[in-house]
Every structure is written in structure tokens, then in C-alpha cells.
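# What the coordinates show
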Amino acid sequence: MSTHVQKPGWFTVNVFNRAVAWITRRGLSVWGSRVLAVRGRKSGEWRTTPVNLLVVDGQQYLVAPRGHVQWTHNMRAAGGGELRLGKNVDVFTATEVADADKVPLLRAYLKRWKAEVGVFFNGVGPDSSNEELLRIAPDHPVFRVTVTG
């Protein structure tokens, strides 16, 4: 498994993520934003972070543009969590998508959010070849979200 991680800088952590999370907690989605809540794999405490919820063919997915970050490790351990938008809370289970199946999902994600997250994909974009998308697939975890309650 890849260990690719691109840690966010000060501005992202202290300004951008906080602003998006604040707006999303008040019920306004910023281009599909949700606040992801997942239990910490060691502490058991709820951890939250803003995410972009991708919908492809009626299925919901979470893509980790920065790689194998803390929420992805927690998601693997917990097997699910909550997606929050204002007062609406969707409890879900998560299934990790195999690298071979990520190509159309990464393409759709980049098509929608390249301006925001494209820098984390090392020059690969929505118009890149399937081979290029497959090459970077191990660096970007993708989870299929199944709402359970």
C-alpha cells in the first residue's frame, strides 16, 4: 500500500478548512462539501474534517486528494462514520474501492474539483489517460459510502 501523504499547510488548516466546515455546519454545501465525522482508531473520539462528497451514477464516494491521511486510517478502522450538512446527519458504512476501480471515480473527482485539489495529483487531471489515473490510484484512497440511517 502507498504511504503517500501531502499534509495541509497553515492556511488550509487554520483558514480554509475551518471556513468550509463552518459554512457546511450551518447547512450550506460548498460544491458538495460535508463535514466527515469518524471515530479515531486509537482514541475512539469523534474526529471531523471537511470533505467533498462525490456522486457518480447514484453512488456516493469520498476521495482523499491528499493521500493516506488520518481520516482514511480512521475510516478503515471504523468502517464508516457520519456525513454532516447543517442539522442533517447521514450515518454510513464505508467500503474501500480497489485501485483498479478508481479510474472513473478519480476522473469525475478531478473534473469537479481540479481547481481546488488538482495540485495534489502531480499533474494528472480529468483529461489524463486511464494509465496515468491508474498510476496515481494507490496514492488516493477512495471509499464508497452507503447511508444506513
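Right above here is the structure, for reference.
We now turn to the structure provided with this report. Keep in mind that this is a model prediction, so the values were computed, not measured.

About the cut-offs
- Residues numbered from 1 in each chain as written.
- Predicted model: local features only at pLDDT ≥ 70, side-chain atom pairs only at ≥ 80, totals over all residues.
- Heavy atoms only, no water.
- Phe/Tyr/Trp six-rings, centres within 6.5 Å; stacked < 30°, edge-to-face > 60°.
- Helix = DSSP H or I, 4+ residues; strand = E, 2+ residues; numbered from the N terminus.
- Lys NZ or Arg CZ within 6 Å of the ring centre and 35° of its normal.
- Salt bridge = Lys/Arg side-chain N within 4 Å of Asp/Glu carboxyl O.
- Buried < 20%, exposed > 50% of the residue type's maximum accessible area, 1.4 Å probe, protein only.
- Polar contact = N/O pair within 3.5 Å; in protein donor to acceptor, adjacent residues only side chain to side chain.
- Contact = heavy atoms within 4.5 Å.
- Pairing = 2+ DSSP bridges.

### A few points about the packing of aromatic side chains
Centre distance and the angle of the planes are the two values used to describe a pair of aromatic rings. Summed over all chains, the structure comprises three aromatic pairs. Ring geometry for Trp 71 and Phe 143: centres 5.9 Å apart, planes at 50°, overall tilted. Remark: Phe 143 occurs in strand β6 (residues 142-147) and Trp 71 occurs in helix α2 (residues 70-78); sequence separation between them is 72 residues. Relative to Phe 121, the ring of Tyr 109 lies with its centre 6.4 Å away and its plane at 50°, an arrangement referred to as tilted. Here Tyr 109 is found in helix α3 (residues 103-117), whereas its partner Phe 121 is found in the loop between α3 and α4 (130-136), with 12 residues between them in sequence. Just above the ring of Trp 46 sits the side chain of Arg 84; from NZ or CZ to the centre is 5.8 Å.

### What about unusual backbone geometry?
Although it is not a glycine, Asp 57 adopts a positive phi angle of roughly 50°. Structurally, the position occupied by Asp 57 is in the loop between β2 (46-56) and β3 (59-63). Positive phi outside glycine occurs at Asn 122, with the angle close to 50°. Topologically, Asn 122 is positioned in the loop between α3 and α4.

### Examining the pattern of salt bridges
Scanning the model with the defined rule gives three salt bridges in all. The salt bridge involving Glu 82 is made with Arg 84; its shortest N-O contact spans 2.7 Å. Overall, Glu 82 belongs to the buried group, its relative accessible area being 15%. The closest approach of N and O atoms between Lys 102 and Asp 99, which form a salt bridge, is 2.8 Å. With relative accessibility at 1%, the residue Lys 102 sits in the buried group. In this structure Asp 99 comes out as partly exposed when scored by relative accessible area, which is 33%.

### Here we look at the side chain of Asn 52
You can see Asn 52 is positioned in strand β2. Among the polar contacts listed, one links the side chain of Asn 52 to the side chain of Tyr 109, at a separation of 3.4 Å. There is a polar contact of 3.5 Å between the side chain of Asn 52 and the side chain of Glu 116. With near-sequence residues (within four places) excluded, Asn 52 lies in contact with Val 30, Trp 31, Gly 32, Ser 33, Tyr 61, Leu 62, Tyr 109, Trp 113 and Glu 116.

### Quick notes on the pairing of strand β4 (residues 80-85)
Looking along a regular strand, one sees the side chains alternate between the two faces of the sheet. Among the six residues in β4, five count as buried, and that is most of the element. Strand direction decides the pairing type here: strand β1 (residues 33-39) and β4, joined by three bridges, are antiparallel. Bridge pairing in β4 links Leu 36 to Leu 83. Sheet topology places β4 next to strand β5 (residues 88-96); six bridges connect them, and they run antiparallel. Residue pairing across strands places Arg 84 opposite Val 89, the latter belonging to β5. Turn length for the β4-β5 hairpin, with the two strands adjacent in sequence and antiparallel, is two residues, and the turn residue Gly 86 shows positive phi of about 60°.

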